[in-house]
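# Overview (structure and organization)
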Amino acid sequence: MEEYISPGDLVIDATAGNGNDTLALAKLAGKGGKVLAFDIQQEALKKTESLLKEEGFFDVCRLILDSHHNMGNYLAEEEKGGVSAIVFNLGYLPRANKELTTKVQTTLPAVEKSLEFIKPNGIVVLIVYSGHEEGMHEKEALLSFASQLSEKKYHTAYLSYPNQKKNPPELLLITKK
Ligand code: SAM
């Protein structure tokens, strides 16, 4: 992420959760940057808010209680096409309601929007957990989606761990040329 985000950039955390990724993004975008962080759970946004306040980065973040597929509603027209990085850490909040997991019906439209909103040389990062049923659907749909992207317009990369037995998280990266 360090290679894709510079101080002052606009970045998006599509799944705020406990706020660890939001904080990491805020540190890279710096005090002059802006981070939009989405989650559908108020509880997650509260945790994110307290972590950001503790670390002194709350002022550069906007926490949004909405699904990430609506991200376009929170970007100004001139910001669309100017986002450096969008991160999806998929799945559910650890030790919380597993029903409130990301779902392919909203994840895919959100990824499509993300590709529209990142700037050239911007990146979409997806951490994919296939160890539960919904996560397996997401993995299959995302890999199929990524494999159909134009190779003239996008680079894609996929990192998995074939000899690990417990479906460890995998990484799907998409950059815009
Ligand atoms: N990035 C987080 C961190 O650093 O702690 C972990 C994210 S957790 C694995 C996934 C989060 O996605 C959960 O908090 C869940 O509520 C949220 N989520 C599920 N569906 C969502 C949606 N449609 N839009 C935004 N967030 C969603």
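Everything in this summary refers to the structure shown in the same document. As the structure is a prediction and not an experimental result, all values here were calculated from the model. (Residues numbered from 1 in each chain as written. Predicted model: local features only at pLDDT ≥ 70, side-chain atom pairs only at ≥ 80, totals over all residues. Heavy atoms only, no water.)

### Topic: the sheet that holds strand S2 (residues 34-39)
Our working definition: For two strands to be treated as a pair, DSSP must find no fewer than two bridges joining them. Secondary structure elements follow DSSP: runs of H or I no shorter than four residues count as helices, runs of E no shorter than two count as strands, and numbering proceeds from the N terminus. Inter-axis angles, ranging from 0 to 180 degrees, are taken between N-to-C directions of lines fitted to C-alpha atoms, where helices are fitted over the stretch in contact. Whether two residues are in contact is decided by their heavy atoms: any pair within 4.5 Å suffices.
Reading across from one edge, S3-S2-S1-S4-S5-S7-S6 is the order of the seven strands in this open sheet, with mixed pairing throughout. What marks the edges here is a single partner per strand, and that holds for strand S3 (61-65) and strand S6 (154-159). Each strand axis lies, on average, 15 degrees off the axis of its neighbour in the sheet, ignoring direction. Two strands pair when backbone bridges link them, and strand S4 (residues 83-89) and strand S5 (residues 118-128) are joined in this way by six bridges, in the parallel orientation. Along S5, the bridge assignment pairs isoleucine 86 with valine 124. Strands in contact with helix H1 (residues 20-29) are strand S1 (10-13), S2, S3 and S4; relative to S1, the strand with the most contacts, it is inclined by about 175 degrees.

### Re the side chain of serine 67
This is how it is decided: Per-residue accessibility, obtained with a 1.4 Å probe over protein chains only, is compared with the maximum for each type, and a residue is labelled buried under 20%, exposed over 50%, and partly exposed between these values. As used in this structure description, the phrase polar contact means that two N or O atoms lie within 3.5 Å; if the pair is within protein, one of them must be able to donate a hydrogen and the other to accept it, and residues adjacent in sequence are counted only when both atoms belong to side chains.
Position of serine 67 relative to the elements: it lies in the loop between S3 and S4. Of the residues examined, serine 67 reaches a relative accessible area of 13% and is grouped as buried. A polar contact of 2.7 Å, which involves the side chain of serine 67, links it to the side chain of histidine 69. Setting aside residues up to four positions removed in sequence, serine 67 forms contacts with Phe38, Ile40 and Thr106.

### Section: the packing of aromatic side chains
Our working definition: Pairing of aromatic side chains requires ring centres within 6.5 Å, counting the rings of Phe and Tyr and the six-membered ring of Trp. Pairs whose planes differ by under 30 degrees are stacked, by over 60 edge-to-face, and all others tilted. Two conditions define a charge sitting above a ring: the NZ of Lys or the CZ of Arg must be within 6 Å of the ring centre, and it must be within 35 degrees of the ring normal.
Scanning the entire structure with this criterion turns up one aromatic pair. The interplanar angle of 70 degrees and the centroid separation of 5.5 Å between the aromatic rings of phenylalanine 38 and tyrosine 74 together place this pair among those described as edge-to-face. You can see phenylalanine 38 sitting in strand S2 and its partner tyrosine 74 sitting in the loop between S3 and S4, a full 36 residues away along the chain. The ring of phenylalanine 57 carries the charged tip of lysine 31 above its face, separated from the ring centre by 4.6 Å. Above the face of the phenylalanine 58 ring, lysine 53 is positioned so that its terminal group lies 4.7 Å from the ring centre.

### Re the site of the ligand
What counts here: Here a residue is considered near a molecule or strand provided that any single heavy atom belonging to it is located within 4 Å of it. The protein chains shown are the only cover counted for residues, whose accessible areas, like all others here, come from Shrake-Rupley with a 1.4 Å probe.
Around the ligand, the structure places 23 residues, and the nearest of them are Thr15, Asp21, Asp39, Gln41 and Ser67. Within the side chain of aspartate 39, an N or O atom sits 2.6 Å from an oxygen atom of the ligand. One of the backbone N or O atoms of histidine 68 is found 3.0 Å from a nitrogen atom in the ligand. When the ligand is considered free in solution it has 600 Å² of accessible area, and contact with the protein chains removes 95% of it.

### A closer look at the environment of valine 125
As for its placement among the helices and strands, valine 125 is situated in strand S5. Between the C-alpha atom of valine 125 and that of phenylalanine 58, which follows or precedes it by 67 residues, the distance is 22 Å. Setting aside anything within four residues of it in sequence, one finds valine 125 in contact with Met1, Ile86, Val87, Phe88, Leu171, Leu172 and Leu173.

### Concerning H1
This is how the line gets drawn: This arc is taken over the directions from the axis of the helix to the C-beta atoms.
For H1, every residue scored as buried is listed here: Thr22, Leu23, Leu25, Ala26 and Ala29. Looking down the long axis of H1, one finds its buried residues gathered within 165 degrees of arc, a one-sided arrangement. Tucked inside the fold, the buried residues of H1 contact S1, S2, helix H2 (42-55), S3 and S4. Note on H1: the residue one or two positions beyond its end, glycine 30, has a positive phi of about 75 degrees.

### A word on the nonpolar core
Inclusion rule: Residues grouped as a nonpolar core are buried Ala, Val, Leu, Ile, Met, Phe, Trp, Tyr and Cys residues, joined through side-chain atoms within 4.5 Å.
Residues Ile12, Ile86, Phe88, Leu115, Leu126 and Ile174 are the most contacted members of the largest nonpolar core, which totals 27 residues. Secondary-structure elements contributing two or more residues to this core are S1, S2, S4, helix H3 (104-117), S5, helix H4 (133-147) and strand S7 (170-176). Apart from residues lying up to four places away in sequence, isoleucine 12 is in contact with Leu25, Leu36, Phe38, Met71, Leu75, Val83, Ala85, Ile86 and Val87. Phe57, Cys61, Ala85 and Ile127 belong to the second largest nonpolar core, which has 17 residues in total.

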